[in-house]
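Topology and contacts: notes
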Amino acid sequence: MKILSIESSCDETAAAVVENGRKVLSSVIASQVEEHKLYGGVVPEIASRRHAEAIVPVVNQALADADCTMEDIEAIAVTHAPGLIGALLVGVNFAKGLSLATKKPLVPTHHLRSHIASNYISNLELKPPFLCLVVSGGHSHIVLVEDYTKMKIIGKTRDDAAGECFDKAARTMGMSYPGGIALDKIAEEGNPQAFKFPRPVVNNAPYDFSFSGLKTSVINLIHNMEQRGEEVPKADICASFRFAVVDLLVSNFLKAAEDYNIKTLAVAGGVSANTLLRSRLTEECKALGYKFYLPEKSLCTDNAAMVGSQGYYEYLSGNISDLSLNAIATLPIDYR
Ligand code: KG4
Ligand code: ZN
């Protein structure tokens, strides 16, 4: 069955056609990042307006690229939560209108579940149960994926998300939004042992993360150097900082896998594009004899193909909404 999927939770307007949850027939992304760069981050009001402008051409393009019309589509999946409310509402209302006009079922899809599902597209043999590290601009979770639509949060961040932390550090060094990608690139040239950053632990919660101390520590280091008139060794700071963030993510994730005795692991979300995180997890999982899955880099950041994949499994599980569907800014991954 073919699903038309729509994503508008942050600063990408995206639509895709996905067959049986695993085969991407088309995937179109209109990114607003160049405009948000001017402000150093996403401006919600601008995001909503750009989604409203882009949604019709993006959906039309996705149908055309898949050589489909709405006649060929069996359901419409849309990201309804979590995200920027005004941004989500554009996708949700468009999907509702389309569902009303075409009488196709409307499938509400959780954004983080969709990130996890990007793995089903890149790794056809992957099936639940598995443990997934979900690391994006807004979330850092360790999720037990018991089934396609049954999730349990094992650990999560108590403060900042990993992506947010990368972006703030990058911004302090003058890199444009979203700085995580630039920081990752510059880190390749630096020495990861040049600076020692803290590894904060959360008492009595071994799988939870805390990144705010690490973020403050890198910002203070840079500001102090600037105040002393010293040149900031960007590559070494990027490499050492990336090493610390990845260390925290990998150690808690592998500890959870060991304690829960799960030997199939995956990673998802924008930060799963990080070069060091990918190589560290690949190597360590291999050494431990675990199966480890990664989405291809193009599927790590926001897209609608992953929504079409998760939407398929949501549809099969009976998660179909009527036209009262609303957007929700905050919704836990295990909401149903
Ligand atoms: O999943 P995503 O596209 O959007 C959210 O749902 O939040 O994640 C975006 C985040 C940004 O913080 C961005 O800097 C980060 O993912 N990111 C990276 C890399 N590529 C994207 N962080 C570190 N290294 C990367 N290579
Ligand atoms: Zn995302």
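Residues numbered from 1 in each chain as written. Chains lettered and ligands numbered in written order. Predicted model: local features only at pLDDT ≥ 70, side-chain atom pairs only at ≥ 80, totals over all residues. Heavy atoms only, no water.

Turning our attention to the site of ligand 1. The full set close to ligand 1 counts 18 residues, and His115, Gly137, Asp167, Asp184 and Asn274 are the nearest of them. Between Gly163 and ligand 1, the recorded distance is 3.3 Å, taken from a backbone N or O atom to an oxygen atom. When the free accessible area of ligand 1 is taken as 550 Å², the share hidden by the protein chains comes to 90%. Listed by contribution, the elements that provide at least two residues to the shell around ligand 1 are helix 4 (111-122), helix 5 (162-172) and helix 6 (179-187). Classifying every residue of the shell around ligand 1 by side-chain character gives five nonpolar, ten polar and three charged. Built from parts of two domains, the shell around ligand 1 gets at least three residues from each of domain 1 (2-116 + 300-316) and domain 2 (127-294). (Near = heavy atom within 4 Å. Polar contact = N/O pair within 3.5 Å; in protein donor to acceptor, adjacent residues only side chain to side chain. Areas by Shrake-Rupley, 256 points an atom, 1.4 Å probe, with all protein chains shown as cover. Helix = DSSP H or I, 4+ residues; strand = E, 2+ residues; numbered from the N terminus. Nonpolar A, V, L, I, M, F, W, Y, C, P; charged D, E, K, R; others polar. Domains from an automatic or database assignment.)

What follows covers the coordination of the zinc ion (ligand 2). Every protein donor of the zinc ion (ligand 2) is accounted for by His111 (NE2), His115 (NE2) and Asp302 (OD), and the metal-donor separations fall at 2.0 to 2.1 Å. As a motif over one chain, the donors of the zinc ion (ligand 2) read H-x3-H-x186-D. Remark: His115 and His111 occur in helix 4; sequence separation between them is four residues, near one turn of the helix. Each member of the pair, His111 together with His115, is buried. (Donors = N, O, S within 2.8 Å, 3.2 Å for Na, K, Ca; no water. Buried < 20%, exposed > 50% of the residue type's maximum accessible area, 1.4 Å probe, protein only.)

Okay, helix 9 (residues 275-288) next. Relative to the 20 Å expected for 14 residues at 1.5 Å per residue, helix 9 spans 20 Å between its end C-alpha atoms, a close match to the ideal helical length. Where helix 9 is concerned, the buried positions are Leu276, Leu277, Arg278, Arg280, Leu281 and Cys285. Two to three positions downstream of the cap, the backbone nitrogen of Leu276 sits 3.1 Å from a side-chain oxygen, assigning the N-cap of helix 9 to Asn274. Phi for Gly289, located one or two positions after helix 9, is positive at around 80°. (Expected span 1.5 Å × (residues − 1).)

This part takes up unusual backbone geometry. For the peptide bond that leads from Pro128 to Pro129, omega is 5°, which places it in the cis range. By secondary structure assignment, the location of Pro129 is in the loop between helix 4 and strand 6 (130-135). The residue after Tyr177, namely Pro178, is reached through a cis peptide bond having omega -10°. Mapped onto the fold, Pro178 is located in the loop between helix 5 and helix 6. We note that Lys103 has phi near 60°; this positive angle belongs to a residue other than glycine. With respect to the helices, strands and loops of the structure, Lys103 is situated in the loop between helix 3 (85-102) and strand 5 (106-110). According to the relative accessible area criterion, Lys103 is exposed, its value standing at 72%. The backbone of Asn261 shows a phi angle near 55°, a positive value even though the residue is not glycine. Within the secondary structure, Asn261 is located in the loop between helix 8 (234-259) and strand 9 (264-268).

Once that is clear, we can look at the sheet that holds strand 2 (residues 12-19). Each strand in a sheet pairs with its neighbour through backbone hydrogen bonds, running either in the same direction (parallel) or in the opposite one (antiparallel). Taken in spatial order, the five strands line up as 3-2-1-4-5 in an open sheet, and their pairing is mixed. The sheet is open, and its two borders are formed by strand 3 (23-31) and strand 5, each paired with just one other strand. Direction aside, the axes of adjacent strands within the sheet are offset by 20° on average. Direction of pairing for strand 1 (residues 2-7) relative to strand 2: antiparallel, over a ladder of six bridges. (Pairing = 2+ DSSP bridges. Axes fitted to C-alpha atoms, helices over the stretch in contact; angles between N-to-C directions.)

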